[in-house]
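Observations on the model geometry
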Amino acid sequence: MFVKPDYNLKRIYDINLEELKQSGIKGMLFDLDSTLMASKSAQYSQEILDWLSIVRKDFFIGVVSNNKNPDYIEKVRQISDFPLLFDAGKPRIKRVSAFLNEHGLNPKECVLVGDRPLTDIICGQRLGCKTILVDSITADSEAKIVRFVRFLERLSVSP
Ligand SMILES: [Mg+2]
């Protein structure tokens, strides 16, 4: 299957909010694991919280996650101050569609942002949303670890 998102970005921070606003987007739906937070971490980084506080000035923010672990859901609820839909069933659209209705959002005025083409992007496309594929939010830190290991390796090289 060939999936083509509207935008394919390295980092979630590369999303052009101004352009989305200009094109009539009012709501941003985010996948949770690997998109807004490290997978299964139940923790937002300060960087993503800062970015979301900019996003919410102009857009409705909602999280649509397939996660259905009750303990995890409770942890995330305690640290989130925007609407959350768990057990979303992506790429099926029934529950996400109901979530949009509940919040008075037209799918055509929403963008779905996620790291998984076959769940997030297909779900967004089926709904009629714009779609943005992003790399896993931990990709950068993984790269930093790799760089750090190389740095350590260089220390072991004799002058
Ligand atoms: Mg994900």
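Structure report, in brief. (Residues numbered from 1 in each chain as written. Predicted model: local features only at pLDDT ≥ 70, side-chain atom pairs only at ≥ 80, totals over all residues. Heavy atoms only, no water.)

**Points about the pairing of strand β3 (residues 60-64)**
- Burial within β3 is extensive, with 4 of its 5 residues counted as buried.
- Pairing between strand β2 (residues 27-30) and β3: 4 bridges, direction parallel. For Leu29, the partnering residue across the bridge sits in β3 and is Gly62.
- In terms of handedness, the path from β2 via helix α2 (residues 46-55) over to β3 forms a crossover that is right-handed. (Buried < 20%, exposed > 50% of the residue type's maximum accessible area, 1.4 Å probe, protein only. Helix = DSSP H or I, 4+ residues; strand = E, 2+ residues; numbered from the N terminus. Pairing = 2+ DSSP bridges. Right-handed = clockwise from strand over helix to strand, strands pointing away.)

**Here we look at helix α3 (residues 70-79)**
- When we look at burial in α3, the residues that qualify are Tyr72, Ile73 and Val76. With its buried residues spanning 100° around the axis, α3 presents them on a single face. Structural note: α3 exposes Pro70, Asp71, Lys75 and Gln78 on the side pointing more than 90 degrees away from its buried face.
- Lining the buried residues of α3 we find β4 (84-85).
- The opening residue of α3 is Asn69, an N-cap whose side-chain oxygen sits 2.9 Å from the backbone nitrogen of Asp71. (Arc of directions from axis to C-beta. Contact = heavy atoms within 4.5 Å. Polar contact = N/O pair within 3.5 Å; in protein donor to acceptor, adjacent residues only side chain to side chain.)

**Regarding the sheet that holds β4**
- Taken together, 6 strands build an open sheet; the order of strands is β1-β6-β5-β2-β3-β4 and the sheet is parallel. Lying at the two open borders of the sheet, with one neighbouring strand each, are β1 (7-9) and β4.
- Against the sheet, helix α4 (residues 94-102) makes contact with β2, β3, β4 and β5 (110-114), and its axis sits at roughly 155° relative to β3, the strand it touches most. (Axes fitted to C-alpha atoms, helices over the stretch in contact; angles between N-to-C directions.)

**Topic: unusual backbone geometry**
- For the peptide bond that leads from Lys90 to Pro91, omega is 10°, which places it in the cis range.
- Along the polypeptide, Pro91 turns up in the loop between β4 and α4.
- Backbone geometry places Ser34, a non-glycine residue, at a positive phi of 75°.
- Structurally, the position occupied by Ser34 is in the loop between β2 and α2.
- What makes Ser34 buried here is its relative accessible area of 14%.

**Examining the state of the cysteines**
- Inspection of the entire model under this criterion finds 0 disulfides.
- The cysteine Cys110 is free of any disulfide, with Cys129 supplying the nearest cysteine sulfur at 5.2 Å.
- When its relative accessible area of 0% is taken as the criterion, Cys110 is described as buried.
- For Cys129, a relative accessible area of 7% translates into the label buried. (Disulfide = S-S within 2.5 Å.)

**Observations regarding the pattern of salt bridges**
- With the rule as written, the count across this model stands at 9 salt bridges.
- Here Asp81 and Arg56 are joined by a salt bridge, their closest N and O atoms 3.1 Å apart. Note that Asp81 is positioned in the loop between α3 and β4 and Arg56 in the loop between α2 and β3, a separation of 25 residues in sequence.
- A relative accessible area of 56% places Asp81 in the exposed class.
- Taking relative accessible area as the criterion, Arg56 reaches 36% and is therefore assigned partly exposed.
- The network of salt bridges with shared partners includes Glu18, Lys21 and Asp58. (Salt bridge = Lys/Arg side-chain N within 4 Å of Asp/Glu carboxyl O.)

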